[in-house]
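# Breakdown of the fold
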Amino acid sequence: MHAVIQNSVGGPDVLFVSEQPDPSPGPGEVLVRVKAAGINPVDGAVRGGFYPLLGDPPFILGWDISGTVEALGAGVTAVKVGDEVFGMPRFPKQAGAYAELAATPADEIAIKPAGIDHAHAAALPLAGLTAWQGLVRHGRIQSGQRALIHAGAGGVGHLAVQIAKARGAYVVSTASPDKLDFVGSLGADEVIDYTKSDFAKKACEFDLVLETVGGDHAEESLKVLRDGGVLVSLLNVHDTTKAKARERNIRVERMSVVPDREGLVELAKLVDAKKLSPHVAKTFPLDQAGAAQAFLATRPIGKVVLTV
Ligand SMILES: NC(=O)c1ccc[n+]([C@@H]2O[C@H](COP(=O)([O-])OP(=O)(O)OC[C@H]3O[C@@H](n4cnc5c(N)ncnc54)[C@H](OP(=O)(O)O)[C@@H]3O)[C@@H](O)[C@H]2O)c1
């Protein structure tokens, strides 16, 4: 098969396509013919050696897969050859999504939503599961609650806004000026231009904040949470912030997304019900994986996807 590999860490140009042995599915696994592979910020961090999840190169990047089941390992009954599937297998271990074929645990993929193509389905798993697990599992979001979603035009944020709306929340979200209309079109009840005004002065009394930006955002977010609310953060939260939160009975959940078949099924149901629509800013062919990662770093709206 062809796959994107790297022999050293570095900039986007360390990525290149090479001929690699076809993976074979072990017991409980399926072989997926990859049609599209989503790109996430973590890919670039691993590529560059800033976040050495996969150890030393060579390795095949990518966790977001959408494709067709090509072969079954022993004992697999949940899917059959020819099924169209999507998922975020093995995270944070190597999944090898930037490739023509990937062997994945059968219980970490689900049937692709029928109404979207592979490129859009590949935009969903990592960002969508992060949004789902953050809001629903960690945040226990309830209908009628006030939720603040930071970076509502980002990969995670644009899906989180839609999921929070689908769960009946009143949603406020932040974005830069040229992205405010997009975030409003997702159903956000209020959008805040974070370049013009401090979100902490514009809105308050949230039950839940989904923190996706880093820096002092977790600390600042405490100011807008009600006592007893919940701060779900995708990024590190300082001990001093956690201590302040405890004083006000605010629950702090520093989450890491995990493979989750049930979550994928829930995302697919929302897509089928037309309550969730992944936005793909641009697709790139497999041999332009470096350019695709560089494009994601320019902060396009939504997601960037490789088509295979
Ligand atoms: N812990 C986990 O399990 C997990 C899972 C997924 C992602 N993450 C991390 O979460 C972060 C977001 O991921 P992503 O996939 O959504 O990234 P992304 O697609 O690159 O989106 C990031 C967004 O942040 C916005 N932004 C930057 N500074 C901002 C600010 N001060 N206020 C509001 N928005 C701001 C950018 O848009 P503007 O042009 O509007 O600035 C951009 O849309 C990344 O650091 C990623 O590594 C963690």
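Residues numbered from 1 in each chain as written. Predicted model: local features only at pLDDT ≥ 70, side-chain atom pairs only at ≥ 80, totals over all residues. Heavy atoms only, no water.

Applying the stated criterion across every chain, the model contains 13 salt bridges. For Glu 70, the salt bridge goes to Arg 33, with nearest N and O atoms at 3.0 Å. Residue Glu 70 is found in strand β4 (residues 64–72), and its partner Arg 33 is found in strand β3 (residues 29–39); the two are separated by 37 residues along the sequence. Glu 70 gets classed as partly exposed once you look at its relative accessible area, which sits at 35%. Of the residues examined, Arg 33 reaches a relative accessible area of 32% and is grouped as partly exposed. Between Arg 248 and Asp 227 there is a salt bridge, with the nearest N and O atoms lying 2.7 Å from each other. Taken together, the residues Arg 248 in the loop between α8 (239–247) and β13 (251–254) and Asp 227 in strand β12 (residues 225–233) connect sequence positions 21 residues apart. The exposure class of Arg 248 is partly exposed, given its relative accessible area of 28%. Overall, the relative accessible area of 52% leaves Asp 227 in the exposed class. (Salt bridge = Lys/Arg side-chain N within 4 Å of Asp/Glu carboxyl O. Helix = DSSP H or I, 4+ residues; strand = E, 2+ residues; numbered from the N terminus. Buried < 20%, exposed > 50% of the residue type's maximum accessible area, 1.4 Å probe, protein only.)

Moving on to helix α3 (residues 125–138). The element α3 is largely enclosed, with a buried count of 12 among its 14 residues. For α3, the set of buried residues is Pro 125, Leu 126, Ala 127, Gly 128, Leu 129, Thr 130, Ala 131, Trp 132, Gln 133, Gly 134, Leu 135 and Val 136. Taken from the residues just after α3, Arg 140 is the one with a positive phi, measuring 50°.

Here we take up the UniProt feature "domain: Enoyl reductase (ER)" (unreviewed entry) in the chain. Per the UniProt record, "domain: Enoyl reductase (ER)" (unreviewed entry) is annotated on residues 10–306. As a span, residues 10–306 carries 28% helix and 27% strand, and end to end its C-alpha atoms are 20 Å apart. (UniProt positions renumbered as here; feature names shortened; annotations may be inferred.)

It is worth spelling out the nonpolar core at this point. The nonpolar side chains of soluble globular proteins are, as a tendency, buried together. Core analysis: the largest hydrophobic core is formed by 84 residues, its most contacted members being Trp 63, Tyr 98, Leu 135, Leu 210 and Leu 306. Considering each element in turn, this core owes the most residues, seven residues, to α3. Summarising the domain contributions, this core has at least three residues from each of domain 1 (2–124 + 278–307) and domain 2 (127–254). The next biggest cluster of nonpolar side chains, apart from the first, holds 16 residues, and it includes Val 209, Ala 218, Leu 231 and Val 237. (Core = buried A, V, L, I, M, F, W, Y, C linked by side-chain atoms within 4.5 Å. Domains from an automatic or database assignment.)

Here strand β9 (residues 170–175) runs beside strand β10 (residues 190–193); their pairing, made up of four bridges, is parallel. Within the sheet, the bridge partner assigned to Thr 174 lies in β10 and is Ile 192. Remark: the β9/helix α5 (residues 180–185)/β10 crossover connection has right-handed handedness. (Pairing = 2+ DSSP bridges. Right-handed = clockwise from strand over helix to strand, strands pointing away.)

A separate point is the domain arrangement of the chain. Frequently, the measure chosen for interface size is the accessible area removed from exposure when the parts meet. As far as domains go, the chain holds domain 1 (2–124 + 278–307) and domain 2 (127–254). Look at where the C-alpha atoms of domain 1 and domain 2 centre, and you get two points 28 Å apart. Contacts between the two partners involve 11 residues from domain 1, matched on the other side by 11 residues from domain 2. Together domain 1 and domain 2 conceal approximately 820 Å² of surface at their shared face, both sides included; 59% is due to carbon and sulfur atoms. (Contact = heavy atoms within 4.5 Å. Buried area = accessible area lost by both parts, 1.4 Å probe.)

Okay, the sheet that holds β13 next. Whether parallel or antiparallel, the strands of a sheet pair through hydrogen bonds between backbone atoms. With parallel pairing, six strands are arranged side by side in an open sheet as β10-β9-β8-β11-β12-β13. In this open sheet, the two strands that pair with only one neighbour each are β10 and β13. Between one strand axis and the next, the sheet turns through 15° on average, direction left out of account. Bridging between strand β8 (residues 146–149) and β9 involves four bridges; their strand directions are parallel. The residue bridging Ala 147 from the neighbouring strand is Val 171, located in β9. Those strands touched by α3 are β8, β11 (206–211), β12 and β13, and its axis lies near 145° from that of β12. (Axes fitted to C-alpha atoms, helices over the stretch in contact; angles between N-to-C directions.)

This part is about the packing of aromatic side chains. Summed over all chains, the structure comprises two aromatic pairs. Both rings, one in Trp 63 and one in Phe 91, keep their centres 5.1 Å apart while their planes meet at 80°; by these two values the pair is edge-to-face. Of the two residues, Trp 63 is situated in the loop between α1 (41–47) and β4 and Phe 91 in the loop between β5 (84–87) and β6 (101–105); the sequence distance between them amounts to 28 residues. Look at Phe 91 and you get buried, because its relative accessible area is 13%. (Phe/Tyr/Trp six-rings, centres within 6.5 Å; stacked < 30°, edge-to-face > 60°.)

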